[in-house]
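Analysis of the macromolecular model
What follows is each chain in one-letter form.
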Amino acid sequence: MTSAAPLPPAVPAALPRLGAIDTAVHAGFAVLLVASAVRYAMRHAPADNLMVLCIALAACLLYAVVAVRTRRGRPGLAWMAALVTVWAVLVIAAPSFAWCSFALFFLGRSAMSGAAGYAAAGVTAAATAAGLFRLSDGTDVAMLLGPLAVGVMLTLVYDRISRDAEEQRRLHAEVSATQGRLAASERRAGTIAERERVSREIHDTVTQGLASSLLLLEAAGRSWPSPAAHDGVQQATSLLRSNLAETRSLVHELASPGLEGSPLEESLLVAARQYLPAARLLVTGDSRPVPADVRHALLRVVQSAASNVRLHASTETATMTLGFLPEAVTLDIYDDGAGFDPAAAAPPSDAGGYGLRAMRRRVEQLGGTFSVESSPGQGTIVAAQLPAAAREDGTSA
């Protein structure tokens, strides 16, 4: 069964907003706030310091509240409005704190979306421009236009980054959804393939064995109590025991008990003689091990073909030829029985007819070729050729 490929983690509905950049912004705000407070205290009289430092402390506390609430996803418009208002008063009264406006700008954009975010950024930029312009005694236009221009540029950059991040999240979500659908499709395909494989295994072992046992018992019933009937019952009993072992094996590992560990030639002959005691095997070429899946396919082809001979060919003999080629292994199964017209064979149904189709599919799935030659009264040849070179993953090439 095909395993599904490993999936990426699902994209959460709301990504955490506090990342490395936010941490750096908050740390920068704290450093700049302390530095600005020290600078202001050193340049102004103690009477002026008290009011400004109180406003700075209030701004600092409001900044911390908004930052914490933003991380939790609940910044609150009232808290942000209070922070911007207090900050505007502070930066106009003491332009020394203007450098902290950068951190306040990013906090406002991350805390608020839409018009509220633009309003917070606009008020911050305007208050900073007013404070610096006041610091220049109204003579330096650059102090007025500089913060406004920087605010516009930062807004454009922030919007572009936000759009790119949103697009990345969207694409990630689409990829996750697509991989989920692909994994589900692979699981369904794997389930269908596994059902077909188990169906072939059951047909090539249990069904064929039960059909042969039924023929033996029916023949014994017609000739009972002759010695031939006793022999038929014994053969049916032996075949049923073999099918019971096959069924137990299918439940556990879908393997051929007693056949997988023996040499290929011996295993094929034993498999055929379960149905045709007089079956023969000829070997051409230099015998060598073959991949496990090729060996398994050859065993199942022999079992299915031998059962068909027993059921339909009106003969109890068959000759198998196992050939070892440089890069392939071949198997021909010939019987001199009744034969049939392959083109006129009935399609599979509840009454049977799955054998040839199952053999062909089993061989072709391993990259081999399968053919049937027969005509009424002329016997039948079932031929299979499978690649015998092993891949790195252990399957046939």
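Look up a bit, the structure's there.
Cut-offs and rules
Residues numbered from 1 in each chain as written. Predicted model: local features only at pLDDT ≥ 70, side-chain atom pairs only at ≥ 80, totals over all residues. Heavy atoms only, no water. Buried < 20%, exposed > 50% of the residue type's maximum accessible area, 1.4 Å probe, protein only. Helix = DSSP H or I, 4+ residues; strand = E, 2+ residues; numbered from the N terminus. Arc of directions from axis to C-beta. Salt bridge = Lys/Arg side-chain N within 4 Å of Asp/Glu carboxyl O. Axes fitted to C-alpha atoms, helices over the stretch in contact; angles between N-to-C directions. Parallel < 35°, antiparallel > 145°, perpendicular 65-115°, else oblique. Contact = heavy atoms within 4.5 Å. Nonpolar A, V, L, I, M, F, W, Y, C, P; charged D, E, K, R; others polar. Left-handed = near helix turned anticlockwise from the far one by under 90°. Pairing = 2+ DSSP bridges.

Some words on helix H10 (residues 355-365)
All of the buried residues along H10 are Gly-355, Ala-358, Met-359, Arg-362 and Val-363. Buried residues in H10, looked at end-on, bunch into an arc of 125 degrees, giving them a common side. Where H10 terminates, the next one or two residues include Gly-367, which has phi positive at roughly 85 degrees.

Topic: the pattern of salt bridges
With the rule as written, the count across this model stands at five salt bridges. In this structure, the salt-bridge partner of Asp-164 is Arg-160, at a minimum N-O distance of 3.4 Å. Here Asp-164 and its partner Arg-160 are both found in helix H6 (residues 141-223), four residues apart, which amounts to about one turn of the helix. Here Asp-164 falls in the partly exposed class, since its relative accessible area comes to 43%. Put simply, Glu-166 and Arg-169 hold a salt bridge, and the shortest N to O gap is 2.7 Å. Of this pair, Glu-166 and Arg-169 both sit in helix H6, three residues apart, roughly one helical turn. Under the relative-accessibility criterion, Arg-169 is labelled partly exposed at 29%. In this structure, a network of salt bridges that share partners links the residues Glu-167, Arg-170 and Glu-174.

Section: the packing of helix H3 (residues 77-93) against helix H5 (residues 115-135)
A pair of packed helices is captured by two measures, namely the crossing angle of their axes and the spacing between those axes. It is at 8 Å that the axes of H3 and H5 come closest, and there the two elements cross at 10 degrees. By the angle between their axes, H3 is roughly parallel relative to H5. When H3 is examined against H5, the residues Leu-77, Met-80, Val-84, Trp-87, Ala-88, Val-91, Ile-92 and Ala-93 are found in contact with a partner set consisting of Ala-116, Ala-120, Val-123, Thr-124, Ala-127, Thr-128, Ala-130, Gly-131 and Arg-134. The residue makeup of the contact of H3 with H5, split by class, is 13 nonpolar, three polar and one charged.

Section: helix H8 (residues 264-273)
Residues spaced three or four apart along an α-helix point in a common direction, a consequence of the helix completing one turn every 3.6 residues. Within H8, burial applies to Leu-264, Glu-265, Ser-267, Leu-268, Ala-271 and Ala-272. End-on, the buried residues of H8 take up no more than an arc of 165 degrees, which puts them together on one face. For H8, the secondary structure elements touched by its buried residues are strand S1 (280-284), helix H9 (292-312), strand S2 (319-324) and strand S3 (328-335).

Looking at the packing of H9 against H10
Relative orientation of the contacting elements H9 and H10 amounts to 165 degrees, with a least axis distance of 10 Å. Taken together, the axes of H9 and H10 lie roughly antiparallel to each other. As for the relative orientation of H9 and H10, their crossing is left-handed in sense. Only Gly-355, Met-359, Arg-362 and Val-363 of H10 make contact with H9, whose side of the interface consists of His-296, Ala-297, Arg-300, Val-301, Ser-304, Ala-305 and Asn-308. Of the residues that constitute the contact of H9 with H10, the class distribution is five nonpolar, four polar and two charged.

Section: the sheet that holds strand S4 (residues 369-374)
As summarised here, the arrangement of the five strands in space is S1-S2-S3-S5-S4, forming an open sheet in which the pairing is mixed. The open sheet is flanked by S1 and S4, the only strands paired with a single partner. Pairwise comparison of adjacent strand axes, ignoring direction, gives a mean angle of 15 degrees for this sheet. Here S4 runs beside strand S5 (residues 380-387); their pairing, made up of six bridges, is antiparallel. Counterpart to Glu-373 in the pairing with S5 is Ile-381. Against the sheet, H10 makes contact with S4 and S5, and its axis sits at roughly 150 degrees relative to S4, the strand it touches most.

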